Amino acid sequence: MPATQTMYEHISFREDGKPIITGTTMKVVELVSERLAWGWSPEELHLNHPYLSLGQIHSALAYYWDHEEDLNKEIEDLTRRFNELREKQKDSP
């Protein structure tokens, strides 16, 4: 089933409800995480993801700013899960 289009020109929803950049597999939360982690501007995000247009990047950021609380919670959950998995790896021989 194709992704569902939103009112954001370049944003669709996957079947699991996660917003993605239309025509790619890039989740909005992934792009936003890079912006938050590295402080990259839209132009710097474009340099690191040349397959994304500036329009796609700005649309993803606009979606984030309109849904900041939900996406920040998702980022926190992903970070927590990553840290839990990393801790388990330390116990592995």
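In every chain, residue numbers begin from 1 and rise along the written sequence. Predicted model: local features are reported for residues with pLDDT of at least 70 only, side-chain atom pairs are reported and counted for 80 or more only, and whole-chain, interface and lining totals are derived from all residues. The side-chain figures draw on all heavy atoms in the structure; neither hydrogens nor water molecules are used.

### Comments concerning the nonpolar core
Inference 1: By size, the foremost hydrophobic cluster in this structure holds 18 residues, and its most contacted members are Ile 11, Ile 21, Val 28 and Leu 31.
Inference 2: Secondary structure follows DSSP: runs of H or I at least 4 residues long count as helices, runs of E at least 2 residues long count as strands, and numbering of each begins at the N terminus. Top contributing element to this core by residue count: helix H3 (residues 54–66), with five residues.
Inference 3: Pairs of residues are marked as contacts when any of their non-hydrogen atoms sit within 4.5 Å. Beyond its immediate stretch of four places on either side in the chain, Ile 21 contacts His 10, Ile 11, Met 26, Leu 31, Leu 52, Gln 56 and Ala 60. Think of a nonpolar core as a cluster: buried Ala, Val, Leu, Ile, Met, Phe, Trp, Tyr and Cys residues, connected wherever their side-chain atoms sit within 4.5 Å. The cut-offs for exposure are 20% and 50% of the maximum accessible area for each residue type, with area from a 1.4 Å probe on protein chains only; residues under the lower value are buried, those over the upper are exposed, and the others partly exposed.

### Some thoughts on the pattern of salt bridges
Opposite charge on two side chains lets them pair, provided their charged atoms get close.
Inference 1: The term salt bridge refers to a pairing of a side-chain nitrogen on Lys or Arg with a carboxyl oxygen on Asp or Glu at a separation within 4 Å. Applying the stated criterion across every chain yields a total of five salt bridges.
Inference 2: As a salt-bridge pair, Lys 18 and Glu 74 come within 3.4 Å of each other at their nearest N and O atoms. Of this pair, Lys 18 sits in the loop between strand E2 (11–13) and strand E3 (19–21) while Glu 74 sits in helix H4 (residues 68–91), and the two are 56 residues apart along the sequence.
Inference 3: You can call Lys 18 partly exposed: its relative accessible area is 29%.
Inference 4: Residue Asp 77 pairs with Lys 73 through a salt bridge whose shortest N-O separation is 3.1 Å. In this pair, Asp 77 and Lys 73 both sit in helix H4, four residues apart, roughly one turn of the helix.

### A closer look at helix H1 (residues 28–38)
Three or four residues apart is the spacing at which side chains of an α-helix point the same way, because the helix has 3.6 residues per turn.
Inference 1: Restricting attention to buried positions, one finds in H1 the residues Val 28, Val 29, Leu 31 and Val 32. When H1 is viewed along its axis, its buried side chains cluster within an angular range of 160 degrees and face the same direction. Away from the buried face of H1 by more than 90 degrees, exposed residues Ala 37 and Trp 38 are located.
Inference 2: Looking one or two residues past H1, Gly 39 carries a phi angle of roughly 70 degrees, positive in sign. Of all possible arcs, the one meant is that of the directions from the helix axis to the C-beta atoms.

### Description of the packing of H1 against H3
Inference 1: Where H1 meets H3, the closest approach of the two axes is 10 Å, and the angle between their N-to-C directions is 90 degrees. Here H3 runs roughly perpendicular to H1, going by the angle between their axes. Here Val 28, Leu 31, Val 32, Arg 35 and Leu 36 of H1 lie close against H3, whose contacting residues are Ile 57, Ala 60, Leu 61, Tyr 63, Tyr 64 and Trp 65.
Inference 2: For this classification, the nonpolar set comprises Ala, Val, Leu, Ile, Met, Phe, Trp, Tyr, Cys and Pro, the charged set comprises Asp, Glu, Lys and Arg, and every other residue, Gly included, is treated as polar. The residue makeup of the contact of H1 with H3, split by class, is ten nonpolar, no polar and one charged. For helices, the fitted line uses only the C-alpha atoms of the stretch in contact; every axis is such a line through C-alpha atoms, and the angle between N-to-C directions lies from 0 to 180 degrees. Here the angle decides the label: under 35 degrees means roughly parallel, over 145 means roughly antiparallel, 65 to 115 means roughly perpendicular, and every other value means oblique.

### Focus on the packing of aromatic side chains
Inference 1: Centres within 6.5 Å are what make two rings of Phe, Tyr or Trp a pair, Trp counting through its six-membered ring; a difference in plane orientation under 30 degrees is then read as stacked, over 60 as edge-to-face, and the rest as tilted. Taken as a whole and assessed by the stated rule, the structure comprises three aromatic pairs.
Inference 2: A ring pair is formed by Trp 38 and Trp 40, whose centres lie 6.0 Å apart and whose planes are at 20 degrees; its orientation type is stacked.
Inference 3: Overall, Trp 38 belongs to the exposed group, its relative accessible area being 60%.
Inference 4: One aromatic cluster is present, formed by Tyr 8, Phe 13 and Tyr 63 through successive ring pairs.

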